[in-house]
Amino acid sequence: MPFNCIPATDFVNRTNEVLYLKRLPDLRERHLAGNILLEGANGSGKTELLKQVYRSIYWEDSPIVPFYYAFKTATLKASIFAQDYFTQFIRQYISFFSKDPSLVIGRGLSPARAIPPSAAWLLDLMDEFEELRKAGDFCGQLLAAVSAPAHAAAMSGKPVLIMLDNFQMALRLYETTPGDFSGLAGFFESPMKMNLCPHIVTGTPTETLESVFAENAFRGTAERMVLRPLPDDVARALLKSFCDKLGIREERETSIRFVRFLACNPLYIKCIAHSIRRMGKKEATHRDLWESYSHEVSEGEIALYWSSILSEALREPGIRRLAVRLFMHLAESNGEVTATGRLPRMLGVAEAEVKEVLAALKCAGFLTGTTGYKVPKEPVLRDFMHSLYMQDIDSKTPDQVRELIRAKYSEQGSPDMCFEIILPSVPDAELIAAKAFEQIAQTLKLQPEVTERIQLALIEACINAMEHSGSFERKVFLKFRASEERLEIAVESSGRFFDPEAVEDPAIELKLTSANKRGWGLKLIQSIMDEVRIERIDDRTRVLLIKNIKKEEVVHDTRKLQS
Amino acid sequence: MTPGSFRVSSKKVGDVAVIYPQGYLNNVAGEGLVHECTSYIEKGTKKIVISFSKTELVNSIGISMLLSVIENLLNTGGELCFTDMSKMLKETFEMLGLIKFITTFDTEAEALNYLNTIVLA
Ligand SMILES: Nc1ncnc2c1ncn2[C@@H]1O[C@H](COP(=O)(O)OP(=O)(O)O)[C@@H](O)[C@H]1O
Ligand SMILES: [Mg+2]
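1. Topic: unusual backbone geometry
Residue and element names in this part refer to chain A.
Here's step 1: Looking along the chain, the bond that leaves Thr204 and enters Pro205 is cis, with omega of -15°.
Here's step 2: When you line up the elements, Pro205 lands in the loop between strand S4 (199-202) and helix H8 (206-214).
Here's step 3: Even without being glycine, Lys99 reaches a positive phi, approximately 50°.
Here's step 4: Mapped onto the elements, Lys99 comes out in the loop between helix H3 (78-98) and helix H4 (102-105).
Here's step 5: Overall, Lys99 belongs to the partly exposed group, its relative accessible area being 30%.
Here's step 6: We note that Ser395 has phi near 50°; this positive angle belongs to a residue other than glycine.
Here's step 7: Considering the arrangement of structural elements, one finds Ser395 in the loop between helix H17 (379-392) and helix H18 (398-408).
Here's step 8: Of the residues examined, Ser395 reaches a relative accessible area of 58% and is grouped as exposed.

The structure is reproduced here in C-alpha cells:
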C-alpha cells in the first residue's frame, strides 16, 4: 500500500532523491532522463522513498499520476499477477482524481462508480480486460495489465509515474506452475519505452535486480540511482529521534559506534529502537544496545526480516538447514570460493544440491561474489545466520544464543579521539589542516611516511572543498575521528554538490597536451586512503576520508621514531 | 611547510639548467617554477634537471604545473630529469604516470652525468 509511509519530516537525508524522482516525468519528456533503476541494500529505504514520492505527488495539484506496485510471492502466476496489477492501477488511478485513498486500499465504493465522466475510456479498458480474463487468455491479460498505465497516459495526456517495487521477483513470474519461468518480465519492455510513463524500478539484491534487465532489451533505457547508507551522524540522529519519541536516553559517541556497526541501515536502527523500548529500558547504554541487538538478530524483528527472505528463497526446512551450514562454512573461509570443491563431502550431500543452494542464497542476497560465492561483509546478516546455526544445528537454547552473540561484543573498546576545526577559505589554509593532523598522527604513533601521505590526501580534499564548492560561506569544516584501528576525516563545505561519478579519471597523455592540466586531486586522495566516500548532507558536501590503520603503519619501538 | 615560503632558485652547469623548487609546491610556487623553466627554454636550454632536495611537498596543482614544464620541454625536443625525490613523491609520480616522460635519478650529480652523455638534436 503506497499510503502507509512515515511522516515526510521523519524521512531523513533523502530530500534530493525525492525531488529528483518527482521531476522524472518532466525530465523524461525533455529527454533529459530515462527510467530509473533504484538500488540499495535491504532496508536502505527504497520502498520508503517510493512511498514518499507517491504521497507527495498524490496530494499535490499535480498533472502526474503516481502508480505504485510491489511484486508479491502470492501473485506471481501470470493470470493472477495481471489481475492484481490491473486492479491496483485502476484503483490508484481513480483514487488520484477523487483524492480518496480508501479506493486504493479497497474499501469504500466500487472504483468504477468513482470514474469521472472525462475518463469514461477507463470503463472500456476494464471491460476489455474482463473479456480477456473470461477467455482465459493469459498473454492478453498480461499485456493489457502492463500496458494499462501507458494506455491511460496516452488517453489523458497525463504522465503516469510507475514505481515497481521488489521487481527482482518479476524474474519468477510463471505461466502455470512455479518455476516454468518464461521471461514474462519482458512484457514490461514496451511500456518502459513510453515517454509518458517513466518507470522507477527497485528491489534487492542488486545483482538479481540487474539480471532482470540483463535478460531484456529495456536494460539500456535505465539510469541508476543508488541509495547509499546514511552518513553516520545522520544515522545516529535517526536513532536518537526514535529514542526521544520513546523516552529513551542515549549518548552520542556510543550511538555513533553502534549505528556504524549496523552499516547505518535505517531498518536495523528502527528495529533496535523498538526492541530497546520493548525491553522496558529508559537508557541506551553500550550494554543495552548490544543486549537488544543480540535479541534482535536471533529472535527479534531483524531475525524475522531475514528469516522471511530465507524461507522465501528456500521453502524446504531441511534445505534451509543445509543453507545455514553452507553459509557458515563460507563465512569461515576468507575470500571467494569458486569451486564447490570439498563442500559436498564435508557436508555429506550431493554436489548438485550444494550448487543449487548456493545459487539460491546468492539470488536472495545472502551471498555475493562475481564468479564464485562469498559471504557479504555485513556483520548483521552473519550474526543472524550464526544464531540460526546455533539454534538449529548446535541445538542451543535462545537464551544461550543471545548470550553468545552479546559476549562477542561486550568489549567497549577505548573511546575515539574526536575534534573539529573550521578553516577559512584563504590561500594555504589547507596547511593548517595538515598541521592539525600531524598532532593526531603523533598520538596514534603513525609512521612518518604514513602521516605524510595522509596529510597530502587531506590537503587535496581541502583544496577541492575550497575550489569547487563555490559556497558563499567560504569555510571548510573538518571533523577528525580516530581510534587505534581506524581514522576518519570528514571534509565538508556548502555549495555546489560535487559528484564523484562525474569526475573523469585523468589520463596523463591527454592532460599533457591539454590546456587544463588540473584534476589530479581525487585520484591522489583515492590512492592514499582505503575508502573515499562522498556524501550529501542537506546543502553540504562531505568528503569522507577513511583509513584503516595497519599494525605495520604504527611505530611500536620508540627508538625507531628517533632515527 | 610554511605558507608563502616558496622560492625557486637555479643554476647553469654547462648546457644544463638545474632548478630547485623550495618549500610547498602549490599554485603560486608552481607558476614561479614554470616561469623559471620557460625562461631557460626560451634561451635555448634543452636539458633541465629539477631537484626536489629543497621541496617539502607537492600538491595536485603543483603536479599540473610540472606537467606544463614537461610539455614545454618535450615540444622543443629537450630532456627533463627529476632528482632527490622523497619516496612518497616518487610513488606519486609513478602512480599518476608522470614518470613516463622524465628520467629520474637519486642525485643531481647522476643526472648531470647522464645529460652530459646524451646529444640532443
Ligand atoms: N532516510 C530514512 N529516514 C528515516 N527512516 C527511514 C529512512 N530510510 C528508511 N527508513 C525506514 O527504514 C525501514 C526500511 O526501509 P525500506 O524502505 O523498507 O527499505 P528497503 O525497501 O530499501 O528494503 C522503514 O521502516 C523506513 O521507514
Ligand atoms: Mg523494500
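Now that the structure has been shown, we can carry on.
2. Remarks on the side chain of A:Asn42
All names here are of chain A.
Here's step 1: Looking at the element boundaries, Asn42 is found in the loop between strand S1 (35-40) and helix H2 (46-59).
Here's step 2: Side-chain polar atoms of Asn42 contact the side chain of Thr204, separated by 3.5 Å.
Here's step 3: At 3.1 Å, the side chain of Asn42 forms a polar contact with the side chain of Tyr305.
Here's step 4: Here Asn42 is in contact with Thr204, Asn265, Tyr305, Trp306 and Ile309, once residues within four sequence places are set aside.

3. Overview of the pattern of salt bridges
Residues and elements named next belong to chain A.
Here's step 1: Counted under the stated rule, the structure contains 51 salt bridges over all chains.
Here's step 2: For Lys281, the salt bridge goes to Asp288, with nearest N and O atoms at 3.3 Å. Considered together, Lys281 and Asp288 belong to a single accessibility category, that of buried residues.
Here's step 3: In this structure, Lys550 engages Glu553 in a salt bridge whose closest nitrogen and oxygen atoms are separated by 3.6 Å.
Here's step 4: Classification of Glu553 as buried rests on a relative accessible area of 13%.

4. Side note on the site of ligand 1
All names here are of chain A.
Here's step 1: Taken together, 18 residues lie near ligand 1, and Gly43, Lys46, Thr47, Glu48 and Lys270 sit nearest.
Here's step 2: In the model, an oxygen atom of ligand 1 is placed 3.3 Å from a nitrogen or oxygen of the Ser44 main chain.
Here's step 3: Taking Lys270, its side chain carries an N or O atom lying 2.6 Å from an oxygen atom of ligand 1.
Here's step 4: Protein contacts shield 88% of the accessible area of ligand 1, which totals 560 Å² for the unbound molecule.
Here's step 5: Of all elements in the fold, only H2 and helix H11 (266-278) reach the threshold of two or more residues within the shell around ligand 1.
Here's step 6: Counted by class, the shell around ligand 1 contains eight nonpolar, five polar and five charged residues.
Here's step 7: The two domains that each donate at least three residues to the shell around ligand 1 are domain 1 (8-226) and domain 2 (232-284).

5. Re the packing of aromatic side chains
Here's step 1: Throughout the structure, instances matching the rule amount to 36 aromatic pairs over all chains.
Here's step 2: Measuring from centroid to centroid gives 5.6 Å for A:Tyr69 and A:Phe81, while their planes differ by 85°, and the two rings are edge-to-face. Placement of A:Tyr69 in strand S2 (residues 65-70) and of A:Phe81 in helix H3 is noted, with a sequence separation of twelve residues between them.
Here's step 3: The class for A:Tyr69 is buried, based on a relative accessible area of 1%.
Here's step 4: Across from the ring centre of B:Tyr40, 5.5 Å away, lies the NZ or CZ of B:Lys43, which sits over that ring.

6. Digging into the sheet that holds strand S3 (residues 160-165) of chain A
Strand pairing in a sheet takes place through backbone hydrogen bonds and is either antiparallel or parallel in direction.
All names here are of chain A.
Here's step 1: An order of S2-S3-S4-S1-S5 is seen for the five strands of this open sheet, with the pairing classed as parallel. Sheet topology places S2 and strand S5 (222-227) at the edges, where each strand pairs with a single neighbour. This sheet shows a mean twist of 20° between the axes of neighbouring strands, independent of strand direction.
Here's step 2: Along the sheet, H3 contacts S2 and S3; its crossing angle with S2, the most-contacted strand, is approximately 150°.

7. Things to note about the sheet that holds strand S9 (residues 475-482) of chain A
All names here are of chain A.
Here's step 1: Pairing is antiparallel across the open sheet formed by five strands, whose spatial order is S8-S9-S10-S12-S11. Taken across any chain shown, the strands that pair with only one partner, and hence form the sheet edges, are strand S8 (417-424) and strand S11 (531-537). For this sheet the average axis-to-axis angle between neighbouring strands, irrespective of direction, equals 15°.
Here's step 2: Where S8 lies against S9, eight bridges are found, and the strand directions are antiparallel. Opposite Glu420, over in S9, you have Lys479 as the bridge partner.
Here's step 3: Contacting S8, S9, strand S10 (486-494) and strand S12 (540-548), helix H20 (residues 448-468) runs over the sheet at an angle of about 15° to S10.

8. Concerning the interface of chain B and chain A
Here's step 1: Listed as interface residues are 29 residues of chain B and, on the opposing side, 24 residues of chain A.
Here's step 2: Roughly 2,300 Å² of surface becomes buried between chain B and chain A when both sides are summed, with 68% attributable to carbon and sulfur atoms.
Here's step 3: On the chain B side of the interface with chain A, the three residues burying the most area are B:Leu67, B:Met88 and B:Leu96, jointly 23% of the side's total.
Here's step 4: The partner of A:Arg453 in a salt bridge is B:Glu91, with the nearest N and O atoms 2.5 Å apart.
Here's step 5: On inspection of chain B and its partner chain A, the count reaches seven residue pairs in polar contact (both at pLDDT 80 or more).
Here's step 6: Among the elements of the structure, strand S4 (55-58), helix H2 (60-75) and helix H3 (87-96) of chain B are those that each provide at least two residues to the side of chain B that touches chain A.
Here's step 7: Top element by residues in the side of chain B that touches chain A is H2(B). It accounts for nine residues.
Here's step 8: Broken down by class, the residue content of the side of chain B that touches chain A amounts to 15 nonpolar, ten polar and four charged.

9. Details of the pairing of strand S5 (residues 79-83) of chain B
Residues and elements named next belong to chain B.
Here's step 1: Within S5, five of the five residues are buried, which leaves it mostly tucked inside the rest of the structure.
Here's step 2: Burial along S5 is two-sided: the residues Glu79, Cys81 and Thr83 and Leu80 and Phe82 are all buried.
Here's step 3: Two strands pair when backbone bridges link them, and strand S3 (residues 47-51) and S5 are joined in this way by five bridges, in the parallel orientation. Bridging from a neighbouring strand, Ile48 pairs with Leu80 of S5.
Here's step 4: In this sheet, strand S6 (residues 103-105) lies alongside S5 in parallel orientation, the contact comprising three bridges. Across the sheet, residue Thr83 finds its bridge partner in S6, namely Phe105.
Here's step 5: Considered for its hand, the β-α-β crossover made up of S5, H3 and S6 is right-handed.

10. A word on the side chain of A:Ser298
Residues and elements named next belong to chain A.
Here's step 1: Its place among the elements puts Ser298 in helix H12 (residues 286-299).
Here's step 2: Ser298 gets classed as buried once you look at its relative accessible area, which sits at 9%.
Here's step 3: For Ser298, the side chain forms a polar contact with the main-chain oxygen of Ser294, separated by 2.7 Å.

11. Describing the packing of helix H19 (residues 429-444) of chain A against H20(A)
Residues and elements named next belong to chain A.
Here's step 1: Where H19 meets H20, the closest approach of the two axes is 9 Å, and the angle between their N-to-C directions is 145°. Our pair here, H19 against H20, has a crossing hand that is right-handed. Contacts from Ala429, Glu430, Leu431, Ala433, Ala434, Lys435, Phe437, Glu438 and Ala441 of H19 reach H20 at Thr451, Ile454, Gln455, Leu458, Ile459, Cys462, Ile463 and Met466.
Here's step 2: Residues belonging to the contact of H19 with H20 are distributed by class as follows: twelve nonpolar, two polar and three charged.

Quick notes on the rules
Residues numbered from 1 in each chain as written. Chains lettered and ligands numbered in written order. Predicted model: local features only at pLDDT ≥ 70, side-chain atom pairs only at ≥ 80, totals over all residues. Heavy atoms only, no water. Helix = DSSP H or I, 4+ residues; strand = E, 2+ residues; numbered from the N terminus. Buried < 20%, exposed > 50% of the residue type's maximum accessible area, 1.4 Å probe, protein only. Polar contact = N/O pair within 3.5 Å; in protein donor to acceptor, adjacent residues only side chain to side chain. Contact = heavy atoms within 4.5 Å. Salt bridge = Lys/Arg side-chain N within 4 Å of Asp/Glu carboxyl O. Near = heavy atom within 4 Å. Areas by Shrake-Rupley, 256 points an atom, 1.4 Å probe, with all protein chains shown as cover. Nonpolar A, V, L, I, M, F, W, Y, C, P; charged D, E, K, R; others polar. Domains from an automatic or database assignment. Phe/Tyr/Trp six-rings, centres within 6.5 Å; stacked < 30°, edge-to-face > 60°. Lys NZ or Arg CZ within 6 Å of the ring centre and 35° of its normal. Pairing = 2+ DSSP bridges. Axes fitted to C-alpha atoms, helices over the stretch in contact; angles between N-to-C directions. Buried area = accessible area lost by both parts, 1.4 Å probe. Right-handed = clockwise from strand over helix to strand, strands pointing away. Left-handed = near helix turned anticlockwise from the far one by under 90°.

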